[in-house]
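If you want the building blocks of each chain, they are given just below.
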Amino acid sequence: MVAGSGIRGHLLVTLSVFFLTVLLLAVEIGAFQEASQRYYGGKQLQEQISNRGDLVVSMRKVAVIGAGAGGSSTAYYLQKFAANKSFDVSITVYEKNSYVGGRSTTVNVYNNPDEVVELGASIFVEVNENLYNATKEFGLECSDNYISRRVSKDALGVYDGQSFIFRQPYDTTWWNNLAILWKYGLTPIRTQQLMKQTIRKFLQLYRAPLFPFRSLTEAAEKADLLQATAHTGEQFLNSNGVGGKYATDLVQASTRVNYAQNLGIIHGLETMVCMATDNAMSVKGGNWKIFSGMLAASNAKVRLNTAVTELHKSPSDGRWIVYSTQGASHQGHEDSEGTPTFQSEVFDVVVLASPFQFSDIEIHPEPEKTPDIIPYVQLHVTLFTSPLRLSPDYFHLPADQEVPDMVLTTLNATEQQNEKITRGGGVHGVGSSGFFSVSLLRSIKREVSGVHKIEYLYKIFSPAEMTHSHIKEFLGVKKGNVEDVDDAVVTWSHKKVWHSYPYLYPRVTFEEIILDKEQTLFYTSGIESFISTMETSSLMGINVAQLVVDSWESKEKASKKAQDEMWAKAKL
Ligand SMILES: Cc1cc2nc3c(=O)[nH]c(=O)nc-3n(C[C@H](O)[C@H](O)[C@H](O)COP(=O)(O)OP(=O)(O)OC[C@H]3O[C@@H](n4cnc5c(N)ncnc54)[C@H](O)[C@@H]3O)c2cc1C
């Protein structure tokens, strides 16, 4: 009797707790749905929520935000890894631009689709295994970066704002060039060895036991790379006995053209990446073709012109409602017309594959880990064509000397003594040259009114806008010259200001990859303050894809174990 009333009492308490929980949950879901409905009249959303039980079991839904190197790689590898483990996955890639590729994108010279030129990321190297393997898998043709250039006899020169301190003829590499060895001794070869040693350490991130890595900080530490990231390029090179003139003349020219940063800012690891240029290549027609190939192979639904605006985590089941706006006027979609349409869809996992600070996304509730805001380089890219060659006079050369096809820049001896410049960003760090590089990319045969003309395609990287009159100075056109007619000097041009890459200040910790404790929100772009390249974004994509599948596996194992235990108890 006493025992019976005890059980009844216990049952009563249990039932009331159960009903209270259900009631609270209902109120919570109700409030949540109401909020969602208020927002976007979420009929579709309600259906998805009521179907959620079926969806979780049968099909895992993943939203990837961003169709650049990081997002496309996530989708591509996720599809592969999920298939290997027999998980059904449905991937949706949201991209606010009207094109795939993000910072890997091309424009058409003279609006001619047969004359494309990279506006963003232009080269990768053979050790970039994700990109390189993808070009093979998708049958993409790659070209040596210099192949169509060869207008001048020198491939490259380094200009310090006063004179060329270095020139490199075609068919030599700058570290095995006799003139270089004469000038800098064995430092170039030692720097090359240091670079290879550092890259070998980095490549460990692709393989077990380091791969997949849940924390980039830990992986970098285990790969013994924190020494390189903790110091500026200048400190890193000095401490390895390869500093001095070679570093400031040539290595710095490379960090400036690749990252718009002097050795006094950029960390040692990214400095080494700048020196790993052997077998540089790009995909004919545009590097974005790699990412478009990856998306096609992933069977993902790709929603172009669609900006994700908010992510809401459902309090009831922990799934994500992704709110997006399609057809608004975004970058690359300036021509879009009509009213934007709002959409929402529910996903099990969300992968943020874009620098969070530029993505304009609100996350509710705020995740356990929110990526920090970090300074990015503002890089001005100027593309133009002209029948004229770069002026020797502009570079203080005698009139009979050619300007090298690619002009890199560095600081001169006086500037190199000034910390405000060596550690300055943008216009404060560029020095008297005023630009980071100007390259003659190729000559183009152009037909104008039935007449064939040769013109040259140029690209300038600078920290401030390149004005038309500055471009004319590059070409040696003085006011009042016969050529001083705009259309005759610059026959086509295109300008773009990028948030190109972060300032790679020395650091020993990196952004988290898994942003919530339930392992449903992932972030790829934290790798950019470690190394910012197409390949490293792709590495983070493959890494996140593996982490997602691993988390599904362990959740499935845990729920199977719980089920088995329940059955075992029931049998008893
Ligand atoms: C001028 C320039 C030259 C470079 N040169 C090289 C080079 O030679 N080699 C090299 O390897 N790297 C180079 N880089 C760096 C390289 O481009 C980047 O490191 C890499 O492309 C980054 O890829 P990602 O996918 O991480 O980011 P991104 O390419 O930026 O892709 C992120 C995508 O997310 C989208 N997005 C953002 N927010 C939202 C949202 N709310 N909703 C939907 N979509 C959203 C963006 O539109 C974008 O397409 C260069 C970069 C620039 C700008």
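Definitions and limits used
Residues numbered from 1 in each chain as written. Predicted model: local features only at pLDDT ≥ 70, side-chain atom pairs only at ≥ 80, totals over all residues. Heavy atoms only, no water. UniProt positions renumbered as here; feature names shortened; annotations may be inferred. Helix = DSSP H or I, 4+ residues; strand = E, 2+ residues; numbered from the N terminus. Buried < 20%, exposed > 50% of the residue type's maximum accessible area, 1.4 Å probe, protein only. Contact = heavy atoms within 4.5 Å. Areas by Shrake-Rupley, 256 points an atom, 1.4 Å probe, with all protein chains shown as cover. Near = heavy atom within 4 Å. Polar contact = N/O pair within 3.5 Å; in protein donor to acceptor, adjacent residues only side chain to side chain. Nonpolar A, V, L, I, M, F, W, Y, C, P; charged D, E, K, R; others polar. Pairing = 2+ DSSP bridges. Axes fitted to C-alpha atoms, helices over the stretch in contact; angles between N-to-C directions.

The protein appears in an unreviewed UniProt entry as Putative prenylcysteine lyase from Terfezia boudieri ATCC MYA-4762. Here the protein is described in UniProt, under the heading Sequence similarities (unreviewed entry), as follows: "Belongs to the prenylcysteine oxidase family."

Quick look at the overall build of the protein now. For the protein, the count of helices and strands is 18 helices and 20 strands. By residue count, 53% of the 572 residues in the protein fall in the buried class. In the protein, of all internal contacts separated by at least 6 residues, the share reaching a separation of at least 24 is 74%. Total accessible area on the protein is roughly 26,500 Å²; 55% of this is exposed by carbon and sulfur atoms.

Our next topic: the environment of G426. Tracing the backbone through its elements, the reader meets G426 in the loop between α15 (419–422) and β17 (437–448). Of the residues examined, G426 reaches a relative accessible area of 16% and is grouped as buried. For the pair G426 and S462, spaced 36 residues apart in the sequence, the C-alpha separation amounts to 8.3 Å. Look past the residues within four positions of G426 in its chain and what remains in contact with it is F436, P463 and Y503.

So, about the site of the ligand. Lining the immediate environment of the ligand, one finds 35 residues, of which G70, E95, R103, I123 and S537 sit closest. One of the backbone N or O atoms of I123 is found 2.7 Å from a nitrogen atom in the ligand. In the environment of the ligand, a nitrogen atom lies 2.9 Å from a nitrogen or oxygen atom belonging to the backbone of V308. Looking at the shell around the ligand, the elements that each hand over two or more residues are α4 (69–84), β10 (306–313), β15 (376–386), β19 (492–502) and α18 (534–571). Per-class residue counts for the shell around the ligand are 16 nonpolar, 16 polar and three charged.

Here we take up the sheet that holds strand β18 (residues 451–462). Strand order in the open sheet made by the seven strands is β7-β6-β16-β17-β18-β15-β19, with mixed pairing throughout. The open sheet is flanked by β7 (164–169) and β19, the only strands paired with a single partner. Averaged over all pairs of adjacent strands, the angle between strand axes in this sheet comes to 20°, irrespective of strand direction. One ladder, built from nine bridges, connects β15 with β19; its direction is antiparallel. Following the sheet pairing, T385 is matched in β19 by W492. Of the strands in this sheet, β6 (154–159), β7, β15, β16 (406–409), β17, β18 and β19 touch helix α11 (residues 245–259), which is tilted by about 105° from β16.

Right, let's get into the side chain of S439. Its place among the elements puts S439 in strand β17. Discounting residues that sit within four places of it in the chain, S439 has contacts with D405, M406, L457, Y458 and K459.

Attention now moves to unusual backbone geometry. The omega torsion of the bond from F211 to P212 falls at -5°, within 30 degrees of zero and hence cis. If you trace the backbone, P212 turns up in the loop between α7 (187–203) and α8 (216–222). A cis geometry characterises the amide bond from H364 onward to P365, with omega recorded as -10°. Phi at H396 is positive, roughly 60°, even though this residue is not glycine.

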